[in-house]
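Chain and residue survey
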Amino acid sequence: MVTVLTETSATDIEVASVRPNTNDELWLSATDTAAITGWEMKPEGFCKGDICVPTPAGNSDRFVQGDAINVSAFWDLMGKPAVRTADAGVWLLGEGAGSRNDAMISLQAPDFTLPDLDGKLHSLSDYRGKRVLLITWASW
Amino acid sequence: MFESVKDEDFMILSVAMDADVEAARPWIEAATPDYVTLIDQNHLLSSLYNMFNVPQAVWIDETGKIVRPVETGGSLDIARDFDQETRAQAKLTYINAAGDWAVNGSASKFLFDIDETKKRIPAMTDEIALAHAKFQLGQYLRRNGRADEAEAIFAESCELHPDSWNIYRETAERNERGLAAGDEFWEKVRSLGDKQYYITVDMEGMPQ
């Protein structure tokens, strides 16, 4: 069992059984990978929406074995940070600088959903149609 | 300041970058804001918008486009010797500019053109992206009673993104008033040299 975190989710899940498996790699079933990350295996490669990353030729066993996907290897391949605890019990699949920079330079303000003090969720996109002055602060 | 602006045209969205909701609560309740205030426990906005300090502000138009990139609002650098009056003037200058945009929208003189806006967006590096990932993992561990592991990961995160006051102060020791503003903090601020803690906003009328 591992806990897989993304920037917006936390999921406890069984890792896929592959050999050899080490703490350095996060193997998940294709179904779990899609549910957690939105990325899925297609004939073109590892895909999300219109974006597909081809599985490297000649080395495909390192990335895909049967129904299992080496998510951490794909994350590395895509230049996204995949970090874990020493015991590999918790993984975080982060976003890479490349996709962040692409998003920012498009000038489309990245959408987010966060709670207010009462726990009610608000998304930036809820306020489309208004000018929004987005300000951060902190208690510390 | 913003009373003259119609609610359907403009809003303030205030986001507390606080892992501890209860630390943010008294500030929000004392301010009794008439704007929306959200809590960002994992500093998602730091990662999404490449933010590194508070306060930081960004202007987003009706279509969801950034029209003034991330910048310090009307705060002048804490390491520099401004008097209270000048600091107040800086705040007012910024608020007036935001108010001008709130009323006039795309006709506001405080907007940059698209190329200039893009130029003012700093690039995120791989190290910064990795720092955010580690910070978020650390936050999860801290929330789940694994403080020692979290500490170690936060230290790596700080090292990867030394410019981030958000990462440093969120994870540093707090004083009795809940502020991460002890000797070590001020030592770090002083050691910035020419780099500013708050980078003065490039805006007509802003004290330099």
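Throughout what follows, the structure given in this document is the object of discussion. Keep in mind that this is a model prediction, so the values were computed, not measured.

Parameters at a glance
- Residues numbered from 1 in each chain as written.
- Chains lettered and ligands numbered in written order.
- Predicted model: local features only at pLDDT ≥ 70, side-chain atom pairs only at ≥ 80, totals over all residues.
- Helix = DSSP H or I, 4+ residues; strand = E, 2+ residues; numbered from the N terminus.
- Rg over C-alpha atoms; globule rule 2.2 N^0.38 Å.
- Buried ≥ 20, exposed ≤ 12 C-beta atoms within 10 Å, placed from the backbone.
- Contact = placed C-beta atoms within 7 Å.
- Pairing = 2+ DSSP bridges.
- Right-handed = clockwise from strand over helix to strand, strands pointing away.
- Nonpolar A, V, L, I, M, F, W, Y, C, P; charged D, E, K, R; others polar.
- Axes fitted to C-alpha atoms, helices over the stretch in contact; angles between N-to-C directions.
- Core = buried A, V, L, I, M, F, W, Y, C linked by C-beta atoms within 7 Å.
- Expected span 1.5 Å × (residues − 1).
- Parallel < 35°, antiparallel > 145°, perpendicular 65-115°, else oblique.
- Left-handed = near helix turned anticlockwise from the far one by under 90°.

1. Here's the deal with the overall build of chain B
Broken down by element type, chain B carries eight helices and four strands. Seen in sequence order, chain B has helices and strands lined up from the N terminus as β-α-β-α-β-β-α-α-α-α-α-α. Its C-alpha atoms give chain B a radius of gyration of 18 Å, within 12% of the compact-globule value 17 Å for 208 residues. With the principal axes as the frame, chain B shows a C-alpha extent of 50 × 35 × 35 Å. A burial count over chain B gives 38% of its 208 residues as buried. Looking at chain B alone, contacts between residues at least 24 apart form 51% of all its contacts between residues at least 6 apart.

2. Describing the pairing of strand β2 (residues 36-39) of chain B
Residues and elements named next belong to chain B. Bridge count for strand β1 (residues 10-16) against β2 is four bridges, and the pairing is parallel. Within the sheet, the bridge partner assigned to L13 lies in β2 and is V36. Read from β1 through helix α1 (residues 21-31) to β2, the crossover connection turns out right-handed.

3. Points about unusual backbone geometry
Look at the link from V54(B) to P55(B): it is a cis peptide, with omega at -10°. Among the structural elements, P55(B) can be located in the loop between α2 (44-49) and β3 (56-60). Phi at L107(A) takes a positive value of approximately 70°, unusual for a residue other than glycine. Along the chain, the position of L107(A) falls in the loop between α3 (97-105) and β11 (113-115). For T32(B), which is not glycine, the phi torsion reads 35° and is therefore positive. Accessibility expressed as a C-beta count within 10 Å gives 6 for T32(B), which makes it exposed.

4. Description of the interface of chain B and chain A
Size of an interface, as often reported, equals the accessible area lost when the parts are brought together. Each partner contributes to the interface: chain B provides 71 residues, whereas chain A provides 42 residues. Classifying every residue of the side of chain B that touches chain A by side-chain character gives 42 nonpolar, 14 polar and 15 charged. As defined by bridge partners, strand β13 (residues 131-137) of chain A adjoins β1(B) across seven bridges and the pair is classed as parallel. Within the sheet, the bridge partner assigned to V132(A) lies in β1(B) and is M11(B).

5. Here's the deal with the pairing of β13(A)
Burial analysis of β13(A) places six of its seven residues in the buried class, the great majority of the element. As paired strands, β13(A) and β3(B) are joined by five bridges and run antiparallel to one another. Pairing of T136(A) across the sheet is with Q56(B), part of β3(B).

6. Some thoughts on the sheet that holds strand β1 (residues 2-6) of chain A
Strand order in the open sheet formed by four strands is β2-β1-β10-β9 (chain A), with mixed pairing between adjacent strands. Only two strands of the sheet have a single neighbouring strand rather than two, namely β2 (9-13) and β9 (82-84) of chain A. The average angle at which neighbouring strand axes cross in this sheet is 20°, direction not considered. Of the pairings in the sheet, the one linking β1(A) to β2(A) comprises five bridges and is antiparallel in character. Its bridge partner being in β2(A), L5(A) is matched across the sheet by A10(A). Helix α5 (residues 126-143) of chain B contacts β1, β2, β9 and β10 (90-93) of chain A of the sheet and is inclined by roughly 140° relative to β10(A).

7. Examining the nonpolar core
Judged by nonpolar contacts, the single largest core of 79 residues is most densely connected at W91(A), L134(A), V15(B), L45(B), V58(B) and L137(B). Ranked by residue count, the leading element in this core is α5(B), at nine residues. In contact with V58(B), not counting residues within four places along its chain, are L134(A), Y49(B), I66(B), R68(B), P69(B) and V70(B).

8. So, α5(B)
All names here are of chain B. With 18 residues, α5 ought to run about 26 Å at 1.5 Å a step, and its terminal C-alpha atoms sit 26 Å apart, in line with that. Most of α5 is tucked away: 15 of the 18 residues are buried. Positioned one or two residues after α5, G145 has a phi angle of 75°, which is positive.

9. Let's talk about the sheet that holds strand β3 (residues 27-29) of chain A
Residue and element names in this part refer to chain A. Taken together, three strands build an open sheet; the order of strands is β3-β8-β7 and the sheet is antiparallel. The two strands at the open ends of the sheet, each matched to only one other strand, are β3 and β7 (64-65). With three bridges joining them, β3 and strand β8 (residues 68-70) adopt antiparallel strand pairing. By the bridge assignment, L28 is partnered in β8 with I69. Against the sheet, helix α1 (residues 30-37) touches β3 and β8, its axis set at about 95° to β3.

10. Notes on the packing of α5(B) against helix α6 (residues 147-160) of chain B
Axes are the key here: two packed helices are described by the angle between their axes and the distance separating the axes. Residues and elements named next belong to chain B. At their nearest, the axes of α5 and α6 sit 8 Å apart, and the two run at 165° to each other. Considering their axes alone, α5 and α6 lie roughly antiparallel with respect to each other. At the point where α5 passes α6, the crossing takes the left-handed sense. Listed contacts from α6 to E127, L130, A131, K134, F135, L137, G138, L141 and R142 of α5 are A147, E149, A150, I153, F154, E156, S157 and L160. Along the lines of polarity and charge, the residues of the contact of α5 with α6 split into ten nonpolar, two polar and five charged.

Scope: geometric values only; no functional claims are made or implied.
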